[in-house]
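Structural description and commentary
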Amino acid sequence: MSSETIKRMGIAAATALMTLNIWTGAPLAAMWIGSQAAGDESLSMRGVCVVVLALAALDFGLTMALTWLNGIYREVTGLPPASKRLIGLRSMRGEPEASTSQSPRAGTLEGIVVLNVYLAFAALAIWYVFFAGAPFSMVL
């Protein structure tokens, strides 16, 4: 295997790990941090605020790391840099397609992120249907 292939596989593995940690590791770490901040209290506003702030910081950091990895992946594979302008802010004039879109299809890293989102949704649906139990008790 060439060194470029190894780099691409390493970046893809890191992307999968970071994406998985956005919906599993970061919430668990945020709850642990919040439990340490709450101390011996069972539930406190301080603990809840720490959990929310920690989760926001961890998810923001992981998202920025994914953006950075995407830039490195594009550099390694020779793809042009991603467009910095948001789709909603692009010109609505009749410009040629080549100037408004640099890569028409999703790349490998985008596919990994989408697959992780599908897996997270499927895990949530399976948990809700089979393991969560009744959302309310039915009294007849």
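**Overview of the overall build of the protein chain**
Scanning the protein chain from N- to C-terminus turns up five helices and zero strands. From first element to last, N terminus to C terminus, the protein chain shows the α and β order α-α-α-α-α. Relative to its 140 residues, the protein chain shows a buried fraction of 16%. Nonlocal contacts in the protein chain, meaning residues at least 24 apart in sequence, comprise 69% of its contacts between residues at least 6 apart. As presented, the protein chain carries roughly 10700 Å² of accessible surface, and 70% of it is formed by carbon and sulfur atoms.

**Some remarks on the nonpolar core**
Residues I11, A12, M18, A26, L62, A65, L66, L69, Y73, L109 and I112 constitute the largest nonpolar core, which totals eleven residues. If you list the elements that add at least two residues to this core, you get α1 (3–23), α3 (45–77) and α5 (108–131). Element by element, the count of residues in this core is highest for α3, at five residues. Here I112 is in contact with A12, T15 and A16, once residues within four sequence places are set aside.

**Topic: α3**
A rise of 1.5 Å per residue sets the reference length of α3, with its 33 residues, at 48 Å; its end C-alpha atoms lie 48 Å apart and thus fit the reference within 8%. Residues of α3 that are buried include every one of G47, A54, L62, A65, L66, L69, N70, Y73 and R74, and no others. Where α3 is buried, its residues touch α1, α2 (25–38) and α5. Phi turns positive, to about 85°, at G78, one or two residues after α3.

Criteria and cut-off values
- Residues numbered from 1 in each chain as written.
- Predicted model: local features only at pLDDT ≥ 70, side-chain atom pairs only at ≥ 80, totals over all residues.
- Heavy atoms only, no water.
- Helix = DSSP H or I, 4+ residues; strand = E, 2+ residues; numbered from the N terminus.
- Buried < 20%, exposed > 50% of the residue type's maximum accessible area, 1.4 Å probe, protein only.
- Contact = heavy atoms within 4.5 Å.
- Areas by Shrake-Rupley, 256 points an atom, 1.4 Å probe, with all protein chains shown as cover.
- Core = buried A, V, L, I, M, F, W, Y, C linked by side-chain atoms within 4.5 Å.
- Expected span 1.5 Å × (residues − 1).

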